[in-house]
Amino acid sequence: MKTTIIAIALLFSITIEAQTDPKIYDIVDAVSEDRLRNDVKKLADFGTRHTLSDTLSETRGIGAARRWIKSEFDKISSNCNDCLEVFYQKDLVEKGTNQRIVKDVMVVNVVAIQRGTKYPNRYIIMSGDIDSRVSDPTDYTTDSPGANDNATGMAGAMEAARVLSKYKFENSIIYVGLSGEEQGLFGGQGLAKYAKENEWEIIGVLNNDMIGNITGVDGVVDNRTFRIFSEPITTDITDPKTLARQARSRRFYGGEVDGISRQLARYVHKTTKTYMPEMNPMMVYRLDRFGRGGHHRPFNDQGFAGIRIMEAHENYTQQHQDIRTENGINYGDTFEHVNFPYCKKLTAVNAITMASLASAPPSPKEVGIGGIVEASAKFKWNKVEGAKGYKIYWRDTTSPTWDNSRYVGDISEFTLEGIVIDNYFFGISAVGANGHESLVVFPNKIFR
Ligand SMILES: [Zn+2]
């Protein structure tokens, strides 16, 4: 009897282990708190990184900051046999484009591409921001350290590059510092347009904006929880007829909480729960904070999956503020407020998500569902290159996460016996020989 129990326990542990990749734990451990601290300090010490600030000084302003970021990416690249393609991507934004653009400015992003071995034109992207601001968004001279907003996201992208450049991946990974965020998301717009023009196949964008504060203005101190913001459905379609057809389809078949960005959010959630179970990922079902936006939005606007990863508890006295003391409160986004153990954790969340997605085969493009007025739900999908098999997921219609799954091997249709189509939402992912999975695809076809 005792032997049987041990045997079952052993079998169970093997089954669990088979679903995880030891490399991913190594990646969590390799993210360095010290390097993040040094990078955030360095970025804050440029005085201001306002988009309209000085570009000629070697020590102050956004020009010096972006040259330093590029030199760091170049250094990382030289440590991995030139495994990164590092370049500036830039667009001129003219004075008066909006009220925050008070003079012509070249909005310059720093891009580093780690080319995939099998799918060089498929990309998973991690972004942070180069630029900062103080109380007046047009004030480009006053000290604006932007330590948490958003030197943390920028430092996170550089640190992820240091860690992941030690590995090879099937898909490409992009680490990017975007600019012009505080002036109206101009850097993201520029790169999203560039991606579209160059026909990049984007798996998803992980936009990191403020990943270092654990002391909320609400009095809560929390170094475990973080937010994953995702819009419900894609927003790139504007043709009224197509919109009406999509709305009708959602009314009858669902999908209003299952857009591509939402699947990316679920992937981050699941990967975190699997490899960093001490963390508490909190999916928020909206584009961004109430009425606000971030640099994932311009990618969403072009039809790409993109989410925002962010601390759970913000401190508004330390964002977008002139450095000052008022009524005993110290205002300003300064270095000493950043919590680096937390920043390391959120950087690791990005790194493991990218390592998993960059190791995964493409998602099936066409996923059909059937089984109306039948006892069992049925599925048909197109096979994808590089998949060893497929996984069918389902969940209660009120659940945010894919709670049930069944691996079905290398086939292209399947019937889930006894699972009635009416009572669940369903999706399908492709699984690689290495066990890594693509994003889940919500059914986009109906069959009888
Ligand atoms: Zn900001």
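Residues numbered from 1 in each chain as written. Predicted model: local features only at pLDDT ≥ 70, side-chain atom pairs only at ≥ 80, totals over all residues.

Visitor: Which parts of the structure should I look at to understand the overall build of the protein?
Guide: A tally of regular secondary structure across the protein gives eleven helices and 17 strands. Its C-alpha atoms give the protein a radius of gyration of 23 Å, within 12% of the compact-globule value 22 Å for 448 residues. By its C-alpha atoms, the protein is 65 × 60 × 50 Å across when sized along the principal axes. In the protein, which comprises 448 residues, the proportion classed as buried is 46%. In the protein, the share of contacts with a sequence separation of at least 24, taken over all contacts with a separation of at least 6, comes to 77%. (Helix = DSSP H or I, 4+ residues; strand = E, 2+ residues; numbered from the N terminus. Rg over C-alpha atoms; globule rule 2.2 N^0.38 Å. Buried ≥ 20, exposed ≤ 12 C-beta atoms within 10 Å, placed from the backbone. Contact = placed C-beta atoms within 7 Å.)

Visitor: Explain the packing of helix H5 (residues 147–164) against helix H11 (residues 340–358) here, please?
Guide: Between two packed helices, what matters for the description is the angle formed by their axes and the separation of those axes. Two numbers describe how H5 lies on H11: the axes approach to 9 Å, and their chain directions differ by 50 degrees. When the interaxial angle is binned, H5 and H11 end up oblique. Judged by the sense of rotation from one axis to the other, the crossing of H5 with H11 is right-handed. Between H5 and H11, the residues in contact are Thr 152, Gly 156, Glu 159, Ala 160, Val 163 and Leu 164 and Cys 343, Leu 346, Thr 347, Asn 350, Ala 351, Met 354 and Ala 355, respectively. Of the residues belonging to the contact of H5 with H11, the class tally is eight nonpolar, four polar and one charged. (Axes fitted to C-alpha atoms, helices over the stretch in contact; angles between N-to-C directions. Parallel < 35°, antiparallel > 145°, perpendicular 65-115°, else oblique. Left-handed = near helix turned anticlockwise from the far one by under 90°. Nonpolar A, V, L, I, M, F, W, Y, C, P; charged D, E, K, R; others polar.)

Visitor: What should I look at first to understand the sheet that holds strand S16 (residues 424–432) in this one?
Guide: Two strands in a sheet stick together by hydrogen bonds in their backbones, pointing the same way (parallel) or opposite ways (antiparallel). The sheet built from three strands is open, its strands ordered S14-S13-S16 with antiparallel pairing. Among the strands making up the open sheet, the edge pair consists of strand S14 (404–409) and S16. Taking the axes of each pair of neighbouring strands and ignoring which way they run, one obtains an average angle of 20 degrees across the sheet. As defined by bridge partners, strand S13 (residues 387–396) adjoins S16 across nine bridges and the pair is classed as antiparallel. Directly across from Ile 392, in S16, lies its bridge partner Ile 428. (Pairing = 2+ DSSP bridges.)

Visitor: What is the right way to look at the nonpolar core in this model?
Guide: Inside soluble globular proteins, nonpolar side chains tend to come together where they are buried. Grouped together as the largest cluster of nonpolar side chains are 81 residues, with contacts concentrated most on Ala 161, Tyr 175, Ala 351 and Met 354. If one sorts the elements of this core by residue count, H11 sits on top with eleven residues. With 20 residues, the next largest nonpolar core counts Trp 381, Tyr 390, Tyr 393 and Ile 428 among its residues. (Core = buried A, V, L, I, M, F, W, Y, C linked by C-beta atoms within 7 Å.)

Visitor: Help me out: how do you make sense of the sheet that holds strand S2 (residues 105–114) in this one?
Guide: The strand order across the open sheet built from eight strands is S1-S2-S4-S3-S5-S8-S6-S7, with neighbouring strands paired in mixed fashion. If you trace the sheet from one side to the other, it starts and ends with strand S1 (84–93) and strand S7 (280–284), each paired once. Along the sheet, successive strands turn relative to each other by an average axial angle of 25 degrees, direction set aside. Bridge analysis of strand S6 (residues 225–229) against S7 gives five bridges, and the strand direction is parallel. Bridge pairing links Arg 227 to Met 282 in S7. Together, S1, S2, strand S4 (171–178) and strand S5 (201–208) form the strand contacts of helix H7 (residues 186–197), whose direction differs from that of S2 by roughly 55 degrees.

Visitor: In this structure, what is going on with the domain arrangement of the protein? I would like to understand it.
Guide: Interfaces are often described in size by the accessible area the parts lose on coming together. The domain architecture assigned to the protein consists of domain 1 (20–358) and domain 2 (367–446). Domain 1 and domain 2 are separated by 31 Å when their C-alpha centres are compared. Contacts between the two partners involve 14 residues from domain 1 and, on the opposite side, twelve residues from domain 2. Among the elements that line the side of domain 1 that touches domain 2, the one with the most residues is helix H9 (residues 260–275), at five residues. Grouping the amino acids of the side of domain 1 that touches domain 2 by side-chain chemistry returns five nonpolar, five polar and four charged. (Domains from an automatic or database assignment.)

Visitor: Where do I start with the environment of Asn 198 in this structure?
Guide: With respect to the helices and strands, Asn 198 occurs in the loop between H7 and S5. Residue Asn 198 is classed as exposed on the basis of its C-beta count, with 8 C-beta atoms lying within 10 Å. Distance in space between the C-alpha atoms of Asn 198 and Val 217 is 43 Å, their sequence separation being 19 residues.

Visitor: What is the right way to read unusual backbone geometry from this model?
Guide: Trans is the prevailing form of peptide bonds, just as negative phi is the prevailing case for residues other than glycine. Between Asp 149 and the following residue, Asn 150, the backbone shows a cis peptide bond with an omega angle of 5 degrees. In this structure, Asp 82 is a non-glycine residue whose phi angle is positive, near 55 degrees. Within the element layout of this structure, Asp 82 appears in the loop between helix H4 (62–78) and S1. Residue class for Asp 82 comes out exposed when judged on the 10 C-beta atoms lying within 10 Å of it. Phi is positive for Glu 199, which is not a glycine, with a value near 55 degrees. Assessed through the 7 C-beta atoms surrounding it within 10 Å, Glu 199 is described here as exposed.

Visitor: Just checking my understanding: could you explain the UniProt feature "domain: Peptidase M28" (unreviewed entry) in the protein for this structure?
Guide: UniProt records the feature "domain: Peptidase M28" (unreviewed entry) at residues 109–318, using the numbering of this structure. Span residues 109–318 is 33% helix and 23% strand, its end C-alpha atoms 25 Å apart. (UniProt positions renumbered as here; feature names shortened; annotations may be inferred.)

Visitor: Just to check I follow, could you spell out the environment of Thr 117 for this structure?
Guide: With respect to the helices and strands, Thr 117 occurs in the loop between S2 and strand S3 (119–129). Take Thr 117: there are 11 C-beta atoms within 10 Å of it, and that puts it in the exposed class. As a C-alpha pair, Thr 117 and Val 86 span 31 residues in sequence and 17 Å in three-dimensional space. Once residues lying within four places of it in the same chain are set aside, the contact partners of Thr 117 are Lys 168, Phe 169 and Glu 170.

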